[in-house]
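Coordinates in review
Residue strings, one per chain:
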Amino acid sequence: MCSSLTDQVRSIATVTTAVAQGDLTRKIEIQVEGEMATLKTTVNSMVDQLSAFASEVTRVALEVGTQGILGGQARVEGVQGTWADLTLNVNVSPRTPTPQCPVPT
């Protein structure tokens, strides 16, 4: 039992450390039960949401920065709290040219 619990905690620690270092490709894959299963689901969901948010912000930034497309909208389903606020803030970016964000020529 102790070895199994140690393996479960080690797996979760490995994934959360990877996320803290910016690696959003890792998921907890070890078989778990009970509260550890809840923790596994929560961490994996967090990784999915962070990855989706990062992808959308990158997409919108590329549209504005390299293609000069203003008014791009990030679409991140199911986010709440700070992530929903950040998505909203990305979507409030300028839709018309300004001195700080002119139309590319």
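Summed over all chains, the structure comprises three salt bridges. We note a salt bridge from K27 to D48, for which the minimum N-O separation is 2.8 Å. Of the two residues, K27 is situated in the loop between helix 1 (2–20) and helix 2 (35–67) and D48 in helix 2; the sequence distance between them amounts to 21 residues. According to the relative accessible area criterion, D48 is partly exposed, its value standing at 40%.

It is worth spelling out the environment of W83 at this point. Residue position: W83 is located in helix 3 (residues 81–91). Assessed through its relative accessible area of 31%, W83 is described here as partly exposed. With 33 residues separating them in the primary sequence, W83 and L50 have C-alpha atoms 8.3 Å apart. If near-sequence neighbours (up to four positions away) are discounted, W83 is found in contact with L50 and F53.

Core analysis: the largest hydrophobic core is formed by nine residues, namely I12, V15, V19, I28, V32, M36, V43, V47 and L50. Elements with a minimum of two residues in this core: helix 1 and helix 2. Residue contributions to this core peak at four residues, all from helix 2. Excluding its chain neighbours within four sequence positions, the residues that come into contact with V43 are V15, T16 and I28.

Scored by pLDDT, the protein comes out at a mean of 81, with 77% of its residues at no less than 70. Highest mean pLDDT in the protein belongs to helix 1 (90); lowest belongs to helix 3 (75).

Take Q8: it is sitting in helix 1. Judged by its relative accessible area of 11%, Q8 is buried. Among all residues touching Q8, those that are not within four sequence positions of it are I30, Q31, V32 and M36.

Moving on to the side chain of E56. Within the element layout of this structure, E56 appears in helix 2. Aside from chain neighbours lying at most four places away, what touches E56 is Q73, A74, R75 and V76.

Conventions and cut-offs
Residues numbered from 1 in each chain as written. Predicted model: local features only at pLDDT ≥ 70, side-chain atom pairs only at ≥ 80, totals over all residues. Heavy atoms only, no water. Salt bridge = Lys/Arg side-chain N within 4 Å of Asp/Glu carboxyl O. Helix = DSSP H or I, 4+ residues; strand = E, 2+ residues; numbered from the N terminus. Buried < 20%, exposed > 50% of the residue type's maximum accessible area, 1.4 Å probe, protein only. Contact = heavy atoms within 4.5 Å. Core = buried A, V, L, I, M, F, W, Y, C linked by side-chain atoms within 4.5 Å. pLDDT = per-residue confidence, 0-100.

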